Each structure stands twice: as C-alpha cells, then as structure tokens.
Amino acid sequence: MSLLLLFLSTVEAQAVFDITKYGAQADEKTDCCEAVMSAWKEACAAGSSKVLIPKGTFLMGIVKLEGPCKGAMEIELQGTLKAPADPKAIKGEGWITHRIIDHVDQLTICGGGTFDGQGEAAWKANDCKNGGEAPPMSLMLNCITNSVVKDVTSLNSKNFHVNVIGCEKLTFERFKIDAPGTSINTDGIHVGRSKEVTIIDTNIGTGDDCISIGDGTTDLKIEKVTCGPGHGKK
C-alpha cells in the first residue's frame, strides 16, 4: 500500500504546462515558438513536469529548450509541430536545427504526435555538396542523459531527422521516421560522441542513411530496426 501511495503521489506531483495556455494556436499560421519556450522555461524550473502539445497542427520555427531542469521532464506531443515549408524562412550559421534540446537529464518525448519538417522544397534546393548552406535538421538532442524518445514520428525532415550529440543512456523506442527515397541528406538518426544509445523497435524510411554513426560513439545498440527506403548504417 505504501508503494502504491508513493507512486500516486509522484504521478500527481507532475505539473502540466499546456502550450495553448501560453498563446499557441493550432491554426498552422501562428508561430508557437514563444509559447513553447515559455512553457518549457516554467516547467523546467518547477521540478517534475510535462510540456503538453495537444492535438492539432502548430507552426513552429527554431526552438531551443535548455536545461538543466529541477526534475524529470516530459514532452507529450499529441499533435503535429510543423516547420515552415520554405527553408529560407529559417536563417542561421552552420548546422541549424528546428528544435534543439540541450543538457537535460531524465527527458521523455512521447505522445503519438509528429514532428513535420515539410522538407520537399529544401530537398529540391539542397546545394550543400557544392558549398551551399545546409537546410535545417528537425531535432537535435545535445547532452541528453537517462532519457527516452518513444511513440512519435519524424516526417519529411529538411535534413537529418535527429542529430544525437554528447548523449548518454538515451533510448529510441517505437520511433518512426518517414520520408521518401528522393529526400536528400535526410539521415534518420545520426549518433556522434555519445555512449549507451539504444535504437529499438523502430521504423526508418528516408532518403539517406537510416542510422549514421559519427566519431566518439560507443556502446550503440541497434535492435529490431526496419530500414527502407534508405540504406543500412554508415
């Protein structure tokens, strides 16, 4: 009984920060960047918390969600976060990313929703092999530890779907990546300078490497991954 009460009190203690309470509108026209970052900032400072993106389609440009936070964090993506279709709408230097999550311990990303990169225009204009600026990636996980990404989809990224850098004990489970074979340079999950990353029960369909492995990567576990279109591991 005492363990049950402890579990219930832990569940009840998780505060929920709904981005619509911060001005986000599911109209596919109004950029929700400020709403998402405001919800994250308050949730991160509150302790064990959840940022909720409810059902609906929300337009979102570049967002950086930074830790460390005061407790375990959850991003429950029920709806769709849609990036601007025009790659020129997002300016930056070097490798830019629609969504950056940085220095967070005990993060869960879940909810059944979709990160939509709207990549078709970027694939047609991609000129990075000739020295042009690379289009933005969909999601960068930077120095994330003891965390899991599960039951969400990355759709039609303009560049890499997920870039994992400096992470430890990070698991992708029942994660879906969906892009046509004609999508250029859209590596599914790129892992670099990380250890104890697990990719399991995951479907990756894209136009480049399903999983690419960068320098400094150790203890990478890949199991029950379906790859195609795209090719193997590099």
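Let me begin by describing the structure that accompanies this report. (Residues numbered from 1 in each chain as written. Predicted model: local features only at pLDDT ≥ 70, side-chain atom pairs only at ≥ 80, totals over all residues. Heavy atoms only, no water.)

**Some details on the overall build of the chain**
In terms of regular secondary structure, the chain is built from 3 helices and 19 strands. Counting contacts in the chain only where the partners sit at least 6 residues apart, residues at least 24 apart contribute 67% of the total. For the chain, the computed accessible surface area is about 11,000 Å², with 51% contributed by carbon and sulfur atoms. (Helix = DSSP H or I, 4+ residues; strand = E, 2+ residues; numbered from the N terminus. Contact = heavy atoms within 4.5 Å. Areas by Shrake-Rupley, 256 points an atom, 1.4 Å probe, with all protein chains shown as cover.)

**Focus on the pattern of salt bridges**
What the rule picks out here adds up to 9 salt bridges. When the shortest N-O distance is used, the salt bridge between Glu 66 and Lys 64 registers 3.8 Å. The salt bridge involving Arg 174 is made with Glu 173; its shortest N-O contact spans 3.2 Å. Among the residues examined, Arg 174 registers a relative accessible area of 40% and is labelled partly exposed. If you follow the salt bridges from partner to partner, you end up with Lys 50, Glu 74 and Glu 76 in one network. (Salt bridge = Lys/Arg side-chain N within 4 Å of Asp/Glu carboxyl O. Buried < 20%, exposed > 50% of the residue type's maximum accessible area, 1.4 Å probe, protein only.)

**Quick notes on the state of the cysteines**
Going through the model one piece at a time under the given rule, you end up with 2 disulfides. A sulfur-sulfur separation of 2.1 Å characterises the disulfide bridge that pairs Cys 44 with Cys 69. Taking the sign of the torsion about the S-S bond as the criterion, the disulfide between Cys 44 and Cys 69, at about -105°, is left-handed. Placement of Cys 44 in helix 2 (residues 33–46) and of Cys 69 in the loop between strand 4 (63–66) and strand 5 (73–77) is noted, with a sequence separation of 25 residues between them. Cys 210 shares a disulfide with Cys 227; S-S distance 2.0 Å. Its S-S torsion of about 80° marks the bond between Cys 210 and Cys 227 as right-handed, since a negative value means left-handed. Taken as a pair, Cys 210 in strand 17 (residues 209–213) and Cys 227 in strand 18 (residues 221–227) lie far apart in primary sequence, 17 residues in all. (Disulfide = S-S within 2.5 Å.)

**Focus on the nonpolar core**
In this structure, Trp 40, Ile 101, Leu 141, Phe 172 and Ile 189 are the most contacted members of the largest nonpolar core, which totals 46 residues. It is helix 2 that provides the largest number of residues to this core, a total of 7 residues. Beyond its immediate chain neighbours, meaning those up to four positions away, Phe 172 contacts Leu 141, Val 149, Val 162, Val 164, Ile 189, Val 197, Thr 198, Ile 199, Ile 200 and Thr 202. (Core = buried A, V, L, I, M, F, W, Y, C linked by side-chain atoms within 4.5 Å.)

**With respect to helix 2**
With 14 residues, helix 2 ought to run about 20 Å at 1.5 Å a step, and its terminal C-alpha atoms sit 20 Å apart, in line with that. Taken together, the buried residues of helix 2 touch strand 1 (15–18), strand 2 (49–53), strand 4, strand 5, strand 7 (97–105) and strand 8 (107–110). Directly beyond the C-terminal end of helix 2, a positive phi value near 105° is found at Gly 47. (Expected span 1.5 Å × (residues − 1).)

**A short note on empty space enclosed by the protein**
As enumerated under the stated definition, the model contains 1 cavity of 30 Å³ or more in all. Computed from the structure, the largest cavity encloses a volume of approximately 130 Å³. Every residue lining the largest cavity is counted, 15 residues in all, and those nearest its centre are Leu 65, Ile 75, Leu 81, Arg 99 and Phe 115. Of all elements in the fold, only strand 2, strand 4, strand 5 and strand 7 reach the threshold of two or more residues within the lining of the largest cavity. Residues belonging to the lining of the largest cavity are distributed by class as follows: 14 nonpolar, no polar and 1 charged. (1 Å grid on protein atoms, 1.4 Å probe; cavity = no way out; pocket = protein on both sides within 12 Å on 5 of 7 lines; lining within 4 Å. Points joined across faces, edges and corners; volume = space filled by probe spheres on them. Nonpolar A, V, L, I, M, F, W, Y, C, P; charged D, E, K, R; others polar.)

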